[in-house]
Amino acid sequence: MEVDNLRIRVLNGVYPPSEDTYLLTDNLPRISSGLALDMGSGTGIIALKLARGADRVIAVDINLKAAINTLLNAKLNELSSKVDVICANLFYPFRRGLKFDLITFNPPYLPVNDGNGALERSWSGGRGGIEVIKGFLYMLPTFLKEDGKVLMVISSLTDLGSLKRIASRKGVSIKMVKRVWVGLFEELYLLELKLSSTKSLN
Ligand SMILES: C[S@@+](CC[C@H](N)C(=O)[O-])C[C@H]1O[C@@H](n2cnc3c(N)ncnc32)[C@H](O)[C@@H]1O
């Protein structure tokens, strides 16, 4: 498929670009430098859009097929010199001191437990839809620059109350940037997260 002048191949077992993906790709800030992180990169579509502006992008996915897919699409679009791909769980591969200007995350946000298959982990957010997001928020203050920001998608089915409580404990502020209906009973929310206090860790 072709999206925003990017050629995107989707390998079997990898989350295909969907409404939540486009909520992010359509609302990325214009950047002309800096270090960006695309967490849960899937096909790599968001990482590749970031790579057009950022100095360097790191794409992380826990699903090995997704990491390979991201790398493949980076090469297909001649952006592999700007994109490093890591198959890992959240921020675990990073050393303390590495700080990102911009982080994007389209996480597994649905309050379901659809099993432990690699593809199911794309949407299974466990209890309240926040099990993976929780881990992300715990580590975020260590890896986000003081003036950096995160763009993250969740759904109206996600437990936003618990998410806000955890974020506030970690000194992270949340702003709703955009909301769109997907079907009759679900909305997608695009959230902007920033460090709200002195809790930025070195
Ligand atoms: C909803 S998909 C989004 C994929 C792609 N970013 C997009 O928007 O089309 C969520 C992605 O997060 C990855 N993921 C799930 N848990 C993760 C974790 N703990 N660490 C890193 N990636 C994870 C999944 O493998 C999946 O590729």
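Above this text sits the structure in question.
Read on for an overview of the structure. A quick note: this is a predicted structure, and the numbers were derived from the prediction, not measured.

Conventions we followed
- Residues numbered from 1 in each chain as written.
- Predicted model: local features only at pLDDT ≥ 70, side-chain atom pairs only at ≥ 80, totals over all residues.
- Heavy atoms only, no water.
- Phe/Tyr/Trp six-rings, centres within 6.5 Å; stacked < 30°, edge-to-face > 60°.
- Helix = DSSP H or I, 4+ residues; strand = E, 2+ residues; numbered from the N terminus.
- Buried < 20%, exposed > 50% of the residue type's maximum accessible area, 1.4 Å probe, protein only.
- Near = heavy atom within 4 Å.
- Polar contact = N/O pair within 3.5 Å; in protein donor to acceptor, adjacent residues only side chain to side chain.
- Areas by Shrake-Rupley, 256 points an atom, 1.4 Å probe, with all protein chains shown as cover.
- Nonpolar A, V, L, I, M, F, W, Y, C, P; charged D, E, K, R; others polar.
- Expected span 1.5 Å × (residues − 1).
- Arc of directions from axis to C-beta.
- Contact = heavy atoms within 4.5 Å.

### Here's the deal with the packing of aromatic side chains
Phase 1: Enumeration according to the criterion identifies five aromatic pairs in this entry.
Phase 2: For the pair Phe-91 and Phe-143, a centre-to-centre distance of 5.0 Å together with 10 degrees between the ring planes defines the contact as stacked. Linking Phe-91 in the loop between β5 (83-87) and β6 (100-105) with Phe-143 in helix α4 (residues 131-143), this pair joins segments that are 52 residues apart in sequence.
Phase 3: Phe-143 gets classed as buried once you look at its relative accessible area, which sits at 6%.
Phase 4: Relative to Phe-136, the ring of Phe-105 has its centre 4.7 Å away and its plane inclined at 40 degrees; by these criteria the two rings are tilted.

### Structural notes on the site of the ligand
Phase 1: Close to the ligand lie 17 residues, the nearest being Thr-21, Gly-40, Asp-61, Asn-89 and Asn-106.
Phase 2: One of the backbone nitrogen or oxygen atoms of Gly-40 is found 2.7 Å away from a nitrogen atom of the ligand.
Phase 3: Within the contact set of the ligand, an oxygen atom lies 2.6 Å away from a side-chain nitrogen or oxygen of Asp-61.
Phase 4: Isolated, the ligand exposes 600 Å² of accessible area, and the fraction of that covered by the protein chains is 98%.
Phase 5: Here the residues of the shell around the ligand sort into seven nonpolar, eight polar and two charged.

### Points about helix α3 (residues 64-76)
Phase 1: Taking 1.5 Å of rise per residue, 13 residues should cover 18 Å, and α3 covers 18 Å from first to last C-alpha, within 8% of that figure.
Phase 2: All of the buried residues in α3 are Ala-66, Ala-67, Asn-69, Thr-70, Asn-73 and Ala-74. All buried residues of α3 project into a common sector of 160 degrees when viewed along the axis, lining one side. Facing away from the buried side of α3 by more than 90 degrees, the exposed set consists of Leu-64 and Lys-75.
Phase 3: The inward-facing, buried residues of α3 contact β2 (6-7), α2 (45-51), β4 (56-61) and β5.
Phase 4: Residue Asn-63 occupies the N-cap position of α3, its side-chain oxygen lying 3.0 Å from the main-chain nitrogen of Lys-65.
Phase 5: Residue Glu-78 follows α3 closely and has a positive phi angle near 55 degrees.

Nothing here speaks to function; it is geometry throughout.
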